[in-house]
Amino acid sequence: MNFLKRRTALAVMGAVALATMASNAAAQTVTLRLHQFLPPQATIPAKALVPWAQKVEAESGGKIKVQLFHAMQLGGAPPQLFDQARDGVVDLTWTVLGYTPGRFPKTEVFELPFMSGNAEASSRAIQEYVEKFAADEFKDVKLIAVHTHGPGLFHTKTPVTGLESLRGMKVRGGSRIISNMLTKLGATPVGMPVPAVTDALSKGTIDGTTIPWEVTPSLKVTELVKNHTTFAGKEGLYTQTFAFSMNKASYDKLPPDLKAVIDKNSGIETAAMLGRAMDEGDKVGRQIAERAKNNIVALDVAETQRWRRTAASVETDWINEVKGKGIDGAKLAAEARALIEKHSK
């Protein structure tokens, strides 16, 4: 009888130990929810966010799990994504900073006309720039990385062969800086987040859009318009800025070893990885347009210079505006260009 009691007691103790071990293992696993606005097949989700999540999971030994939610599956609109990370609605978000006009005035400098070209170099530059000059704009989140896309260009229903052909055309702009630029160039800007572009082109709400090549496949742009206009030189017409952010409390409650994993996958190399994905996506997007035998207009140096001169006042407007906020815009524009040059070598 004593033997049976002892065996029963040992069995109970074993069961309790196993349950405790299972509970501890579960407690050590952290699930982070990542929310973004593009369909899963788009460049950044497929070629950057998914690999980032897999890398974090692997380097944490499976202690961090990242759940990805695409195309605003968890609700809200793209302009709300930064605040979703800030407020802890989700743990991580990726979004366009220009969707919240005027909120990131120092970081906006990278959106100025003909500021940057190659996305990897520009993304390294903007990450270093933010760390040096604009960290206060991201103080409410744990910033994973900031980055840009590659050269911005036009995708239109009728060809844009020079400044005159753009006049009066309704063109989507992705930020207030870009919309101001479109106005200066003679177009009628129509502001909207990029997921709305497909429907707007289909319905004729817009005659064309400003986006980089990389996002054209997921938006079916090369099917909806047959004309694309590029510019001479290494800089694109414009770029947009993006932030990959984490809720501070979600980060702070991680144990030191898991914080180290997040830290290792944050900063300039992560920014560069996001930029590289954009550059590779640009190649794919252009190849699709070429295979479709779409009309790709390459403006020459002289015509591009006309666009540069016409768009130059956008920078003056921005410098004057941020001066009212106590920001030396001319200095920041020079710093941004110097960093782009540094990382382009």
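For the structure, see preceding data.
Here's a quick rundown of the structure. (Residues numbered from 1 in each chain as written. Predicted model: local features only at pLDDT ≥ 70, side-chain atom pairs only at ≥ 80, totals over all residues. Heavy atoms only, no water.)

1. Some details on empty space enclosed by the protein
Consideration 1: Applying the stated criterion to the full structure yields 3 cavities of 30 Å³ or more.
Consideration 2: His 149, Val 194, Glu 214, Val 215 and Phe 242 are the residues nearest the centre of the largest cavity, which is lined by 15 residues in total.
Consideration 3: Classifying every residue of the lining of the largest cavity by side-chain character gives 11 nonpolar, 2 polar and 2 charged.
Consideration 4: Counted as a void, the second largest cavity has a volume near 40 Å³.
Consideration 5: Taken together, Leu 97, Gly 98, Thr 100, Gly 102, Arg 103, Phe 104, Glu 108 and Glu 111 make up the full set of residues lining the second largest cavity. (1 Å grid on protein atoms, 1.4 Å probe; cavity = no way out; pocket = protein on both sides within 12 Å on 5 of 7 lines; lining within 4 Å. Points joined across faces, edges and corners; volume = space filled by probe spheres on them. Nonpolar A, V, L, I, M, F, W, Y, C, P; charged D, E, K, R; others polar.)

2. With respect to the environment of Thr 270
Consideration 1: Looking at the secondary structure, you find Thr 270 in helix α12 (residues 268–291).
Consideration 2: A relative accessible area of 5% places Thr 270 in the buried class.
Consideration 3: Every residue in contact with Thr 270, bar those within four places of it in the chain, is listed here: Trp 52, Ile 144, Ala 145 and Asn 265. (Helix = DSSP H or I, 4+ residues; strand = E, 2+ residues; numbered from the N terminus. Buried < 20%, exposed > 50% of the residue type's maximum accessible area, 1.4 Å probe, protein only. Contact = heavy atoms within 4.5 Å.)

3. With respect to the pairing of strand β8 (residues 208–211)
Two faces make up the sheet, and in a regular strand the side chains alternate between them.
Consideration 1: Because side chains alternate across β8, one face comprises the buried residues Gly 208 and Thr 210, and the other comprises Thr 209 and Ile 211, equally buried.
Consideration 2: In this structure, strand β5 (residues 153–156) lies alongside β8, joined through 4 bridges in antiparallel fashion. Bridge assignment links His 155 to a residue of β8, and that residue is Thr 209.
Consideration 3: As defined by bridge partners, strand β6 (residues 170–173) adjoins β8 across 2 bridges and the pair is classed as parallel. Considered in β8, the bridge of Val 171 is made with Gly 208. (Pairing = 2+ DSSP bridges.)

4. So, the nonpolar core
Consideration 1: In this structure, Phe 37, Trp 52, Trp 94, Val 194 and Ile 262 are the most contacted members of the largest nonpolar core, which totals 48 residues.
Consideration 2: Ranked by residue count, the leading element in this core is helix α2 (residues 43–59), at 6 residues.
Consideration 3: Ignoring sequence-local partners within four residues, the contact set of Phe 37 consists of Ala 71, Met 72, Pro 78, Leu 81, Trp 94, Thr 95, Val 96, Tyr 99, Val 194 and Pro 195.
Consideration 4: Counting residues in hydrophobic clusters, the runner-up holds 46 residues, among them Ala 134, Val 146, Met 169 and Ile 327. (Core = buried A, V, L, I, M, F, W, Y, C linked by side-chain atoms within 4.5 Å.)

5. Section: the sheet that holds β6
Consideration 1: Taken together, the 6 strands give an open sheet; going across it, the order is β7-β6-β8-β5-β9-β11, and neighbouring strands pair in mixed fashion. Two strands in the sheet have a free side with no partner beyond their single neighbour: β7 (188–191) and β11 (295–298). If you compare each strand with its neighbour and ignore which way they point, the axes differ by 25 degrees on average.
Consideration 2: Relative to β11, strand β9 (residues 227–230) is paired through 4 bridges, and the arrangement is parallel. In the strand pairing of β11, Asn 227 is matched with Asn 295.
Consideration 3: In this fold helix α6 (residues 176–185) packs onto β5, β6, β7 and β8, with an angle of close to 155 degrees to the strand it touches most, β6. (Axes fitted to C-alpha atoms, helices over the stretch in contact; angles between N-to-C directions.)

6. Comments concerning unusual backbone geometry
Consideration 1: Not every positive phi belongs to a glycine, and Met 72 is a case in point at roughly 60 degrees.
Consideration 2: Looking at the element boundaries, Met 72 is found in the loop between β2 (64–69) and α3 (81–87).
Consideration 3: On the basis of relative accessibility, which here comes to 13%, the residue Met 72 falls in the buried class.
Consideration 4: One non-glycine residue with positive phi stands out, namely Phe 114, at about 55 degrees.
Consideration 5: Checked against the element boundaries, Phe 114 lands in the loop between β3 (92–96) and α4 (119–134).
Consideration 6: For Phe 114, a relative accessible area of 6% puts it in the buried group.

Taken by themselves, the reported measurements are silent on function.
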